[in-house]
Amino acid sequence: MGIVERKNYLFLHVSCGNLINKKKAIKASAYEGIFISITEKEDEYEGKPVTKVEVKMKDPATGEIAIIQFTQESWFTLGFFARIQKIDLVKPFTIGVMPSEQNEKMSFCYLKQEGITKVEADKNFPKPEKTRVGKKEVMNWAAPLEAMQVIMEEMNEKAGGAKEEEKSDGEAVPVVEDEKGEDDLPF
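Residues numbered from 1 in each chain as written. Predicted model: local features only at pLDDT ≥ 70, side-chain atom pairs only at ≥ 80, totals over all residues. Heavy atoms only, no water.

1. Observations concerning the layout of surface pockets
Logical step 1: Counted as a void, the second largest pocket has a volume near 270 Å³.
Logical step 2: If you trace the second largest pocket, you find 14 residues lining it, with Trp75, Leu78, Gly79, Arg83 and Lys127 closest to the centre.
Logical step 3: Those elements giving two or more residues to the lining of the second largest pocket turn out to be α1 (75–83) and β8 (107–113).
Logical step 4: Looking at the lining of the second largest pocket, the element that brings in the most residues is α1, giving five residues.
Logical step 5: Residues belonging to the lining of the second largest pocket are distributed by class as follows: nine nonpolar, one polar and four charged. (1 Å grid on protein atoms, 1.4 Å probe; cavity = no way out; pocket = protein on both sides within 12 Å on 5 of 7 lines; lining within 4 Å. Points joined across faces, edges and corners; volume = space filled by probe spheres on them. Helix = DSSP H or I, 4+ residues; strand = E, 2+ residues; numbered from the N terminus. Nonpolar A, V, L, I, M, F, W, Y, C, P; charged D, E, K, R; others polar.)

Have a look at this one:
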């Protein structure tokens, strides 16, 4: 059996108001491409389990495939899911990142598509609620996470599902590779 190589993807992580790839010295405010798929991935940050969302997109001009990764329980993610249903997934669109003026570690999402300068957020998209647990107040993400699951399934269905490649022996393998994002923060 010969050598089987993995595709070379551009990994971008949302961090501190930017899209970051340390290995390639990339720090950008947006990425434009065509939607391929969206998945969840279990990861770790400072020894604690964290769920990440990975959006796979393709640059129509170069054919480059990018995987944009962001923490599931974040303001960026809320903005993304509150807007993505208004995007035509078969046409190129832009995923943009904006920094917070109050907290440099916080990022917000904006989406743009041909002719639409700013995709407005769905005002009815659920937001996390503060809940008291003992003496502490915590954010309850149950309602937004449930809505995100439904949207991810719909997006993958519209785009033909989370795609898989075939190895030379015909066995299907997931396309997504793994790369750590050291600066990717869980909030």
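2. Focus on the pairing of strand β7 (residues 93–99)
Logical step 1: Buried residues dominate β7, accounting for five of its seven residues.
Logical step 2: Alignment of strand β4 (residues 30–45) against β7, held across four bridges, turns out to be antiparallel. Across the sheet, the residue bridging to tyrosine 31 is isoleucine 95, located in β7.
Logical step 3: Bridge analysis of β7 against β8 gives seven bridges, and the strand direction is antiparallel. Bridge assignment links proline 99 to a residue of β8, and that residue is serine 107. (Buried < 20%, exposed > 50% of the residue type's maximum accessible area, 1.4 Å probe, protein only. Pairing = 2+ DSSP bridges.)

3. Remarks on empty space enclosed by the protein
Logical step 1: All told, the structure shown has two cavities of 30 Å³ or more when counted by the stated rule.
Logical step 2: Counted as a void, the second largest cavity has a volume near 50 Å³.
Logical step 3: Ile84, Gln85, Ile87, Leu89, Glu154, Met155 and Lys158 together form the lining of the second largest cavity.
Logical step 4: Class assignment for the residues of the lining of the second largest cavity results in four nonpolar, one polar and two charged.

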